[in-house]
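Survey of secondary and tertiary structure
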Amino acid sequence: MSQTSLLLERLGALIQQSVRENAAQHGLLPIHIQVLHYLTRANRYSDIPIAIAEYFGITRGTVSQTLALLEQKGLLSKERDPHHGKRVHFQLTPAGEMILRESWPKRIEQALSEMPADIAGLDDALRRLLLTLQRLNGQRPFGVCQQCMHFLNEDNGARCGLTQEALAAEQTVRICREWAAPEPGFV
Ligand code: SF4
């Protein structure tokens, strides 16, 4: 095993430990915290149960149970899509946002801010690795909207070339299950 593989394994284990501890503080399971965090970053095509199942590689049944419990605890609310029949979107309530205020990503952000290293270079290398592994695993990449092949920046605002719908500015920095690389070899 290469040194990089070992480092990634250790980082993965440490992050999982932080997620477990964070979840336990609130009487939750790790997947509950992870779903809350995902929903803060997902765009309106991705804040739905099927996208959550794809992102985490878990079953629709597990997603349903997770969403039901988070809703029951007052951490999530749901809203029926006015344009797409049975589709339901999920978002965090103020109580859900409160839980994430001091959660594990904050610890990582703090560690990164203390590093003298080239963070942009680190981002780039990790993104390449992630995209390669996702391709090998047959998973969707869930990239950031502004970096998508379908993203259109027009005079009257942003638009999705796939759905032809207008995109609010806050949606363009979120991740999307329909994301496609703008060019071959993009990272
Ligand atoms: S432009 Fe791409 S990433 Fe953005 S909403 Fe459309 S498909 Fe999703």
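Definitions and cut-offs
- By convention here, each chain's residues receive numbers from 1 onward along its written sequence.
- Only residues with pLDDT of at least 70 get local features here, since the model is predicted, and only at 80 or more are side-chain atom pairs given and counted; chain-wide, interface and lining totals rely on the full set of residues.
- Just so you know, side-chain values use all the structure's heavy atoms and leave hydrogens and water out.
- In this scheme Phe, Tyr and Trp rings, the latter by its six-membered ring, pair at centre separations within 6.5 Å, and the angle between planes marks the pair as stacked below 30 degrees, edge-to-face above 60, and tilted otherwise.
- Only runs of H or I of at least four residues qualify as helices and only runs of E of at least two qualify as strands under DSSP, and these elements are numbered from the N terminus.
- Here's how the labels work: a residue is buried when its accessible area is under 20% of the maximum for its type, exposed when over 50%, partly exposed in between, all with a 1.4 Å probe on protein chains only.
- Note on definitions. A residue lies near a molecule or strand when any single heavy atom of the residue is within 4 Å of it.
- The nonpolar class holds Ala, Val, Leu, Ile, Met, Phe, Trp, Tyr, Cys and Pro. Asp, Glu, Lys and Arg form the charged class, and all remaining residues, Gly among them, are polar.
- Buried Ala, Val, Leu, Ile, Met, Phe, Trp, Tyr and Cys residues form a nonpolar core when they are joined through side-chain atoms within 4.5 Å.
- Any two residues whose heavy atoms approach within 4.5 Å are treated as being in contact.
- Salt-bridge detection follows one rule: a side-chain nitrogen of Lys or Arg within 4 Å of a carboxyl oxygen of Asp or Glu.
- For every element, the axis is a line fit to its C-alpha atoms; helices are fit only across the contacting stretch, and the angle between N-to-C directions ranges from 0 to 180 degrees.
- Every angle not falling under 35 degrees, over 145, or within 65 to 115 is termed oblique; those three ranges are roughly parallel, roughly antiparallel and roughly perpendicular.
- When the near helix sits turned anticlockwise from the far one by under a right angle, the crossing is termed left-handed; a clockwise turn instead gives a right-handed crossing.
- Only residues whose relative accessible area exceeds 30% and that form no salt bridge enter a patch; like-charged residues are grouped when within 9 Å of one another, and nonpolar side chains (Val, Leu, Ile, Met, Phe, Trp, Tyr) when within 5 Å.
- Using a 1.4 Å probe, the Shrake-Rupley method yields the accessible areas, and only the shown protein chains count as cover for residues.

To continue, consider the packing of aromatic side chains. In total, this model carries five aromatic pairs according to the counting rule given. Centroid distance Tyr-55 to Phe-142: 5.0 Å. Interplanar angle 85°. Geometry classified as edge-to-face. Of this pair, Tyr-55 sits in helix 3 (residues 49–56) while Phe-142 is found in the loop between helix 7 (119–137) and strand 3 (151–154), placing the two residues 87 residues apart along the sequence. Given the relative accessible area of 28%, Tyr-55 is considered partly exposed. Exposure remark for Phe-142: the relative accessible area of 6% places this residue in the buried category.

So, on to the site of the ligand. Every residue close to the ligand is listed here: Asn-43, Tyr-45, Cys-145, Cys-148, His-150, Phe-151, Cys-160, Leu-162, Cys-176 and Glu-178. Its residues placed into classes, the shell around the ligand shows seven nonpolar, two polar and one charged.

Leu-36, Tyr-38, Leu-39 and Leu-76 are the most contacted members of the largest nonpolar core, which has 27 residues in total. It is helix 2 (residues 30–41) that provides the largest number of residues to this core, a total of six residues. If near-sequence neighbours (up to four positions away) are discounted, Leu-76 is found in contact with Leu-36, Leu-39, Leu-67, Leu-70, Glu-71, Phe-90, Gln-91, Leu-92 and Thr-93. Grouped together as the second largest cluster of nonpolar side chains are 10 residues, Leu-131, Ala-158, Cys-160 and Leu-167 included.

Turning to the pattern of salt bridges, a few remarks are in order. By the definition in use, this model includes nine salt bridges. In this structure, Glu-54 and Arg-140 form a salt bridge, with 3.1 Å as the shortest nitrogen-oxygen distance. One end of the pair, Glu-54, is in helix 3; the other, Arg-140, is in the loop between helix 7 and strand 3, with 86 residues separating them in the sequence. With a relative accessible area of 23%, Glu-54 lands in the partly exposed category. Overall, the relative accessible area of 33% leaves Arg-140 in the partly exposed class. For the salt bridge of Arg-174 with Glu-170, the shortest nitrogen-to-oxygen distance reads 3.1 Å. On the basis of relative accessibility, which here comes to 22%, the residue Arg-174 falls in the partly exposed class.

The subject of this paragraph is the packing of helix 2 against helix 3. When two helices pack together, their arrangement is given by the angle between their axes and by how far apart the axes lie. Interhelical geometry of helix 2 versus helix 3 gives an angle of 115° and a closest axis separation of 11 Å. One element, helix 2, and the other, helix 3, form an angle in the roughly perpendicular class. Crossing geometry of helix 2 relative to helix 3 is assigned as right-handed. Contacts from Ile-31, Gln-34, Val-35, Tyr-38, Leu-39 and Arg-41 of helix 2 reach helix 3 at Ala-51, Ile-52, Tyr-55 and Phe-56. For the contact of helix 2 with helix 3, the class distribution of residues is eight nonpolar, one polar and one charged.

All right, on to the side chain of Thr-93 then. Along the chain, Thr-93 falls in the loop between strand 2 (88–92) and helix 5 (94–100). Judged by relative accessible area, which is 15%, Thr-93 ranks as buried. Apart from residues no more than four positions distant in its own chain, Thr-93 is found in contact with Gly-74, Leu-75, Leu-76 and Ser-77.

A few words now on the environment of Gln-16. Tracing the chain through its elements places Gln-16 in helix 1 (residues 3–25). With 14 residues separating them in the primary sequence, Gln-16 and Pro-30 have C-alpha atoms 8.1 Å apart.

A few words on a nonpolar patch on the surface. A cluster of nonpolar side chains, namely Leu-8, Leu-11, Met-115, Leu-122, Leu-126, Leu-129, Leu-133 and Leu-136, defines an oily patch on the protein surface of about 690 Å² accessible area. Counting only elements with at least two residues in the nonpolar patch, the list comes to helix 1 and helix 7. Of the residues forming the nonpolar patch, the biggest block, five residues, is contributed by helix 7. Counting through the fold element by element, Leu-11 comes out in helix 1.

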